[in-house]
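Fold and geometry: a report
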Amino acid sequence: SMAPNGCPVSPRAAAFDPFDRPYQLDPAEALRWSREQEPVFYSPRLGYWVVSRYDDIKAIFRDNLTFSPSIALEKITPASDEALAVLERYDYGMNRTLVNEDEPAHMARRRELLDAFTPEALEAHAPMVRRLVREKLDAIIDRGRADLVAEMFWEVPLTVALHFLGVPEEDMEQLRRFSVAHTLNTWGRPSPEQQVEVAEGVGKFWQYSGEVLRKMQARPEGHGWMYDMIEKNRHKPDIVTDNYLHSMMMAIIVAAHETTALATANAFRQLLSRPAVWADLCDNPALIPAAAEECLRHSGSVVAWRRIATREVEVGGVTIPEGGRILMVTASGNHDPAHFENPDELDIYRDNAVDHLTFGYGSHQCMGKNLGRMEMRIFLEEFTRRLPHLELEEQEFTFLPNTSFRGPEALWVRWDPVQNPERRDP
Ligand code: HEM
């Protein structure tokens, strides 16, 4: 078959499907052939141009005029008519936020909303993060066995996210279910029956976000990033628009917690499966920030991100036509030997781990990256100190089937409570 640029599609490109097992289990490994032989290819099954090398991905991120982020939150699997009818019933109107906004609107808005991310502003959240992690650890420390995802890896980042945003902590389980629906809706391939169910979840999430927003608008004395937005909306409605507020309310609840929850689970999985590295962290906690960064490179929670070509353009020697949809597999770029020596090795002493693409790059680079890093660091500090004898259980890992957000759905660990340092040395 032919790609939209008139070139033939290779057999491997034709066979590529991100919803197949290899990509779901290990996206970087699933694209090794591409990194080595065909770094930019058209995937007929996805209808996207897939880009797998570090330099090509970075070049795309760098030029957000040629490569517009407008499709970053588009449904990767088109909605069925039934699903569309459901969304309409809920008056679903998710549109531009920051991550999928074009220039010049994006930068004008981003600039208005930076105050919440100064180092001092973020540092003010650290004691709360530590308290939450400690409480969750207290609850399991004598148990000897736990699924850390269920016990705390999603709930702590969700609580932190809501606090950071100023959103009242309400039904956490419900919010988690909404997040899963949003991820499947945006980055998954739900079956026709699932489509309707997912649309129900997304529609409810949209309504819920609107209600929370109205409640918050009624008490403008509140604190948090959403309140900054409400305030800017009041004074600069042309920059921080009404639809932006509602769309952002829904998108940010997910962006601010799911990414961090999955990144933490990935990091614990990688570090605990290398007992010598874990022991190094226990002996020398100063290594923790570098270890977290290397985990974000080696096993990031965002593994692919999207752009659309606004004109015909060449990437890695391949001509992508105007309107070409692009899937940058950042997890693959993070394993590109042209940028990272022995890329498949988890090396907490690597000096360029921070170059990874897990937070994106350029003008849209993740605004919350230092909050995410802080949460990972505090999780690791508390666990290495209080449960240095933690072990990973043998288990089959499962993942929510989608192109972009990746982390195990459960992470079972065990330890001998008799050996807990605080028991031996209270
Ligand atoms: C954007 C990843 C945590 C808020 C992004 C992007 C990625 C990403 C890949 C798109 C970047 C681009 O297009 O270049 C992550 C990961 C996280 C994380 C892996 C955790 C480990 C957070 C948190 C917050 C947050 C905790 C909020 C407090 C945002 C915002 C944007 C963004 C607002 C849009 C920035 C813009 O378009 O100007 N993030 N994120 N993220 N992230 Fe995160």
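On a predicted model such as this, the values are computed, not experimentally measured, just so you know.

A short note on the overall build of the chain
Of the regular secondary structure elements, the chain holds 20 helices and 10 strands. In terms of overall dimensions, the chain is globule-like: its C-alpha atoms have a radius of gyration of 22 Å, near the 22 Å expected for 426 residues. Per-residue burial for the chain yields a buried fraction of 57% across its 426 residues. If you take every contact in the chain between residues at least 6 apart in sequence, the share linking residues at least 24 apart comes to 74%. For the chain, the exposed area adds up to about 18100 Å²; of that, 50% sits on carbon and sulfur atoms. Mean positive and mean negative side-chain charge positions of the chain (47 and 66 charges, respectively) differ by 1 Å.

A short note on the coordination of the iron atom of the ligand
If you check the protein contacts of the iron atom of the ligand, you find one donor only, C366 (SG), at 2.2 Å. Looking at the element boundaries, C366 is found in the loop between helix 18 (330-333) and helix 19 (369-386).

Here we look at the site of the ligand
Around the ligand there are 30 residues in total, and H106, R110, R307, H364 and C366 lie nearest to it. In the environment of the ligand, an oxygen atom lies 2.7 Å from a nitrogen or oxygen atom belonging to the side chain of R110. With respect to the ligand, the side chain of H364 contributes an N or O atom lying 2.7 Å from an oxygen atom. Assessed atom by atom at 2 Å from the grid points, the ligand resides in the largest cavity. At the level of secondary structure, the elements contributing two or more residues to the shell around the ligand comprise helix 7 (105-112), helix 15 (242-272) and strand 5 (305-309). Its residues assigned to classes, the shell around the ligand comprises 18 nonpolar, 10 polar and two charged.

Concerning the pairing of strand 8 (residues 325-328)
Inspection of the sheet shows strand 2 (residues 48-51) paired to strand 8 by three bridges, in the parallel sense. Among the inter-strand pairings, V50 is bridged to a residue of strand 8, identified as L327. Here strand 5 runs beside strand 8; their pairing, made up of four bridges, is antiparallel. Along strand 8, the bridge assignment pairs I308 with R325.

Comments concerning the packing of helix 13 (residues 192-218) against helix 15
One way to put it is that helix 13 packs onto helix 15 with a least axis distance of 9 Å and a crossing angle of 110°. Judged on the interaxial angle alone, helix 15 and helix 13 are roughly perpendicular. Seen along the crossing, helix 13 lies across helix 15 with a hand that is right-handed. Here V202, F205, W206, S209, G210, V212, L213, M216 and Q217 of helix 13 lie close against helix 15, whose contacting residues are L245, H246, S247, M249, M250, I253 and V254.

Let's talk about the packing of aromatic side chains
The relation between two aromatic rings is expressed through the spacing of the ring centres and the mutual angle of the planes. Summed over all chains, the structure comprises 18 aromatic pairs. Measuring from centroid to centroid gives 5.1 Å for F153 and F379, while their planes differ by 80°, and the two rings are edge-to-face. Of this pair, F153 sits in helix 10 (residues 148-153) while F379 is found in helix 19, placing the two residues 226 residues apart along the sequence. Judged by relative accessible area, F153 falls into the buried class, the value being 1%. Residue class for F379 comes out buried when judged on its relative accessible area of 0%. Their ring planes at 75° and their centres at 5.1 Å tell us that F268 and F383 sit as a pair that is edge-to-face. Of the two residues, F268 is situated in helix 15 and F383 in helix 19; the sequence distance between them amounts to 115 residues. Pair check on accessibility: F268 and F383 agree, each one buried.

Observations regarding the pattern of salt bridges
Summed over the entire model, instances satisfying the criterion amount to 30 salt bridges. Note that R219 and E221 form a salt bridge whose closest N and O atoms lie 3.7 Å from each other. Of the residues examined, E221 reaches a relative accessible area of 55% and is grouped as exposed. Through salt bridges that share partners, R130, R134, R377, E381, E382 and R385 make up one connected network.

What counts, and where the lines are drawn
- Residues numbered from 1 in each chain as written.
- Predicted model: local features only at pLDDT ≥ 70, side-chain atom pairs only at ≥ 80, totals over all residues.
- Heavy atoms only, no water.
- Helix = DSSP H or I, 4+ residues; strand = E, 2+ residues; numbered from the N terminus.
- Rg over C-alpha atoms; globule rule 2.2 N^0.38 Å.
- Buried < 20%, exposed > 50% of the residue type's maximum accessible area, 1.4 Å probe, protein only.
- Contact = heavy atoms within 4.5 Å.
- Areas by Shrake-Rupley, 256 points an atom, 1.4 Å probe, with all protein chains shown as cover.
- Lys, Arg positive; Asp, Glu negative; His and termini not counted.
- Charge placed at Lys NZ, Arg CZ, Asp CG, Glu CD.
- Donors = N, O, S within 2.8 Å, 3.2 Å for Na, K, Ca; no water.
- Near = heavy atom within 4 Å.
- Polar contact = N/O pair within 3.5 Å; in protein donor to acceptor, adjacent residues only side chain to side chain.
- 1 Å grid on protein atoms, 1.4 Å probe; cavity = no way out; pocket = protein on both sides within 12 Å on 5 of 7 lines; lining within 4 Å.
- Sits in = over half its atoms within 2 Å of the grid points.
- Nonpolar A, V, L, I, M, F, W, Y, C, P; charged D, E, K, R; others polar.
- Pairing = 2+ DSSP bridges.
- Axes fitted to C-alpha atoms, helices over the stretch in contact; angles between N-to-C directions.
- Parallel < 35°, antiparallel > 145°, perpendicular 65-115°, else oblique.
- Left-handed = near helix turned anticlockwise from the far one by under 90°.
- Phe/Tyr/Trp six-rings, centres within 6.5 Å; stacked < 30°, edge-to-face > 60°.
- Salt bridge = Lys/Arg side-chain N within 4 Å of Asp/Glu carboxyl O.

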